[in-house]
Amino acid sequence: MRAVTAELSDRFYERDDVVRALVVTLLAGQHSLLLGPPGTAKSEMARELTGRIEGASYWEILLSKFTAPTRMFGPIDVAALSRGEYRQVYEGRATTADIAFIDEIFKCSTAALNETLGYLNERIYHPENGGAPIRCPLIGAITASNELPEGDDSAAIYDRLLVRIEVGYLTDPSHFAALVRSAVSRPAAPVRTTVGLDALRRAVTETVPDVAVPDTIVDAVCTLRAALRRKELIASDRRWRQAVRLLQASAYLDGRPAVAETDLSILTHVLWDSPAQRPAVEREVLHLVNPDAKEALDLADTIDELETQLDAMAGQSREALSEWVIKNAHNKLAMAGKRLERLRTEAADAGRSTAAVDRVTGRHRAVRARVLTEALGMDASAVEAQL
């Protein structure tokens, strides 16, 4: 699974954290949501990951307000109906799937809502004929949406999706240039590691739950909950309890026998309801994970402020933009870049996670590339060579 994570991270630009979160969620036997605008590779990432599970029964659907429950869980057997028997055909539907991808999850029809909730929450389906509930083999579902849920019906499904991951458009011009080139080049066939279904199921049901959770981690989770409650960020007890398995899965993916503070970073995708809450959650989580994170996030604020200024100057003359770079952006970006390098070195030397610093470094690289291309007029290819 580490090899799968690395391969997908190499394939999808600026998606390292997204890919790792998807893999950890699958190893925890939980469901994830990819939330973002169209054209951000949400479906492609889901298919690439689920396609690496050999021997798994895979089911995929694009929901609409008119999707009937039988289309999801099994159509009526017409031949049997002609004989006076009421049966459903379950093969190839959600009822028999080990892995599922549900696109536009919040467009679930009212008719299918209760069955979808039971499927996600309890892995059961109640047949149309009122027979005994069917136990479904689902390990985990990856879902996707272009928008947040509206109404109580959609909110009920939203609550069942433990991990919520925001996916946006590429921000680094050099990555965008590489993406454009990939449309006309013929790359060599990528390495494609696969994992057997039995091995994955054994990890989900046996190995991951055996990962130790030290008292120090329990204390850290309690501290985090108190800090978030002071900011009026409230998560349900169920969500906190389910998050423990995510921590175990994160440690397992890294090959560790016990959960460490670095694993707490996965909670940045768990403890918010709206994207506006995510920065506050991330700051509290990462501050708890390691002391480097707080300074890295402070630097991120500086970088975001520069990007906001750049956006506000759209349409101004090249001379005005160049003056802004010389007087304002250049020194701040240079100082932030040097400090991020030192923070990463200090974290690595101390054996702490560099994930938070790496994410901010990615933002720094993207904004610096934007300044060079949009404010100073450099070609994206030349910028890519510099970076």
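Refer to the preceding data block for the structure.
Described in the following lines is the structure provided in the data block.

Rules behind the numbers
Residues numbered from 1 in each chain as written. Predicted model: local features only at pLDDT ≥ 70, side-chain atom pairs only at ≥ 80, totals over all residues. Heavy atoms only, no water. Buried < 20%, exposed > 50% of the residue type's maximum accessible area, 1.4 Å probe, protein only. Helix = DSSP H or I, 4+ residues; strand = E, 2+ residues; numbered from the N terminus. Contact = heavy atoms within 4.5 Å. Axes fitted to C-alpha atoms, helices over the stretch in contact; angles between N-to-C directions. Parallel < 35°, antiparallel > 145°, perpendicular 65-115°, else oblique. Left-handed = near helix turned anticlockwise from the far one by under 90°. Nonpolar A, V, L, I, M, F, W, Y, C, P; charged D, E, K, R; others polar. Pairing = 2+ DSSP bridges. Core = buried A, V, L, I, M, F, W, Y, C linked by side-chain atoms within 4.5 Å.

In this section: helix 1 (residues 2-11). By the burial criterion, the buried members of helix 1 are Val4, Thr5, Glu7, Leu8 and Ser9. Where helix 1 is buried, its residues contact helix 2 (16-27), helix 3 (42-50), strand 9 (195-196) and helix 11 (237-253).

Another point: the packing of helix 1 against helix 3. Between helix 1 and helix 3, the shortest axis-to-axis distance is 11 Å and the interhelical angle comes to 150 degrees. As far as their axial angle goes, helix 3 and helix 1 are roughly antiparallel. The element helix 1 and its partner helix 3 pack so that their crossing is right-handed. For the pair helix 1 and helix 3, contact is made by Val4, Leu8 and Arg11 and by Glu44, Glu48 and Leu49, respectively. Broken down by class, the residue content of the contact of helix 1 with helix 3 amounts to three nonpolar, no polar and three charged.

On the basis of which strands lie adjacent, the open sheet formed by five strands has the order 3-4-7-1-8 and parallel pairing. Edge positions in the sheet fall to strand 3 (58-62) and strand 8 (163-166), since each has one partner strand and no second. This sheet shows a mean twist of 15 degrees between the axes of neighbouring strands, independent of strand direction. Relative to strand 4 (residues 99-103), strand 3 runs parallel, the two being bridged by five bridges. Bridging from a neighbouring strand, Tyr58 pairs with Ile99 of strand 4.

Before going further, it helps to examine the nonpolar core. Counting residues in each nonpolar core, the largest one holds 84 residues, and the members touching the most others are Leu27, Trp59, Tyr119, Leu200, Leu267 and Leu271. Sort the elements by how many residues they give to this core and helix 2 lands first, with eight residues. With sequence-adjacent residues up to four places away left out, Trp59 is seen in contact with Met72, Gly92, Arg93, Ala94, Ala97, Ile99, Ala100, Phe101, Ile102 and Tyr119. Core analysis: the second largest hydrophobic core is formed by 20 residues, Leu306, Leu310, Val325 and Leu340 among them.

Examined against the element boundaries, Met335 turns out to sit in helix 14 (residues 318-349). Separated by 244 residues in sequence, Met335 and Glu91 have C-alpha atoms that sit 59 Å apart.

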